[in-house]
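Summary of the model geometry
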Amino acid sequence: MYSQSSFLIVSGLFIFMVLAMEIGFRSGLRKQAKATEAITQANAVLVSMLGLLALLLAFTFSAALQRYEDRSQTVVAEANAIGTTYLRARLLPREMQDEVQALLRQYLDVRIQEGRVDSTEPELHESLLHQAKLMEARLWSHAVKAAELDKSVVTSGLFIQSLNELIDTSTTRNAALNRQVPEIVLLLMFATIVLTTATLGYASGIAGHRVTLAAFVLVMLIALVVYLIIDLDRPRRGAIQVSHESMLSLQQTIGAAQGHTAQPGSPRDASQAPRR
């Protein structure tokens, strides 16, 4: 289901809703002459199904929104981890500082690009993930080398700690991006929606009139809520995307700092580097 367009899924659901409503209406018309207490019973069933549908919609929307918030928080956490590691790279032995920071800049670029890849490009996504893992391995090898050269907890130890947090947050972010509302929940919600609209049409048929405009607007609103649920639950496609502003801001900050330090005559002394 997640490989399909949100608009296509909701459009198909809306068509099924309209068909179910029409089938229910015609079925109710055929039984209208025999109905005595059927109208009251149909209305009672309709109210119960609308209540159940409201519960399912609220539960599913809450789950999708919570996952969206989790993804947004992991992006901020990873940006903070990369920024801290970049600053603490200045605590490494002098001959390693520039190489490690250059590698961290490349790593940041890859992570930003990976977060923007559409779900319709799984090969590119896997390739970027593989590149990020290779860079993490190279950074860790630099950390091991720094620990061998300088065993001080205040210098190399702080860098190793921040690098470990970077690797952990990247894993957490990848897991959050791949965590969606279970498809069985969505299928149950779709089935309940179709059955509810069929019951709505049946109740209207027994009453001897078409579905009112207000009821039709309710059906459209239900379809809109379903679209929002599906769109929130798809971080790599759709109208609602997880913001990467924190990562982009970090990229600009690092780029500006790199441009400043690259100017002729600018101080390269580690004691003038920002501390975290």
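Residues numbered from 1 in each chain as written. Predicted model: local features only at pLDDT ≥ 70, side-chain atom pairs only at ≥ 80, totals over all residues. Heavy atoms only, no water.

Another point: the overall build of the chain. A count of helices and strands for the chain gives 8 helices and 0 strands. Listed N to C, the secondary structure of the chain is α-α-α-α-α-α-α-α in terms of helices and strands. In the chain, which comprises 276 residues, the share counted as buried stands at 41%. Contacts spanning at least 24 positions in sequence make up 84% of the contacts within the chain whose residues lie at least 6 apart. Of the roughly 14700 Å² that the chain leaves accessible, carbon and sulfur atoms contribute 63%. (Helix = DSSP H or I, 4+ residues; strand = E, 2+ residues; numbered from the N terminus. Buried < 20%, exposed > 50% of the residue type's maximum accessible area, 1.4 Å probe, protein only. Contact = heavy atoms within 4.5 Å. Areas by Shrake-Rupley, 256 points an atom, 1.4 Å probe, with all protein chains shown as cover.)

The end-to-end C-alpha separation of helix 6 (residues 183–207) is 36 Å, in line with the 36 Å expected for 25 residues at 1.5 Å each. Phi for Gly-208, located one or two positions after helix 6, is positive at around 85 degrees. (Expected span 1.5 Å × (residues − 1).)

Another aspect to go through is the confidence of the model for the chain. Summing up the model confidence of the chain, the mean pLDDT is 85 and the portion of residues at 70 or higher is 89%. Across residues 264–276 the pLDDT falls below 50, and counting only partners more than four positions away or on other chains, this stretch makes 20 contacts in the model. (pLDDT = per-residue confidence, 0-100.)

Among the nonpolar cores identified, the biggest contains 59 residues, and Met-189, Phe-190, Ile-193 and Val-226 are the most heavily contacted of them. Put simply, the parts of the chain that give this core at least two residues each are helix 1 (6–30), helix 2 (38–88), helix 3 (94–116), helix 4 (122–149), helix 5 (153–177), helix 6, helix 7 (213–232) and helix 8 (245–261). With near-sequence residues (within four places) excluded, Met-189 lies in contact with Leu-53, Leu-56, Leu-57, Thr-60, Val-226 and Ile-229. (Core = buried A, V, L, I, M, F, W, Y, C linked by side-chain atoms within 4.5 Å.)

Enumeration over the complete set of coordinates arrives at 1 aromatic pair. With 6.3 Å between their ring centres and 75 degrees between their planes, Phe-14 and Phe-216 make a pair best called edge-to-face. Separated by 202 residues along the polypeptide, Phe-14 in helix 1 and Phe-216 in helix 7 bring together distant segments of the chain. (Phe/Tyr/Trp six-rings, centres within 6.5 Å; stacked < 30°, edge-to-face > 60°.)

For the rest of this paragraph, the subject is the pattern of salt bridges. Enumeration over the complete set of coordinates arrives at 8 salt bridges. The closest approach of N and O atoms between Glu-114 and Arg-111, which form a salt bridge, is 3.5 Å. Of the two residues, Glu-114 and Arg-111 both sit in helix 3, 3 residues apart, roughly one turn of that helix. The class for Arg-111 is buried, based on a relative accessible area of 1%. Salt-bridge contacts for Glu-136 lead to Lys-133; the nearest nitrogen and oxygen are separated by 3.6 Å. Of this pair, Glu-136 and Lys-133 both sit in helix 4, separated by 3 residues, roughly a single helical turn. Shared partners join several salt bridges into a network, and the residues in it are Glu-78, Arg-111, Glu-114 and Arg-173. (Salt bridge = Lys/Arg side-chain N within 4 Å of Asp/Glu carboxyl O.)

Turning to a nonpolar patch on the surface, a few remarks are in order. Judged by side-chain polarity, Val-18, Phe-61, Leu-65, Leu-213, Phe-216, Val-217, Met-220, Leu-221, Leu-224 and Leu-228 come together as a nonpolar surface patch covering roughly 830 Å² of accessible area. Those elements giving two or more residues to the nonpolar patch turn out to be helix 2 and helix 7. Tallying contributions element by element places helix 7 first for the nonpolar patch, with 7 residues. Note on placement: Leu-65 falls in helix 2. (Patch = residues over 30% accessible without salt bridge, like charges linked within 9 Å, V, L, I, M, F, W, Y side chains within 5 Å.)

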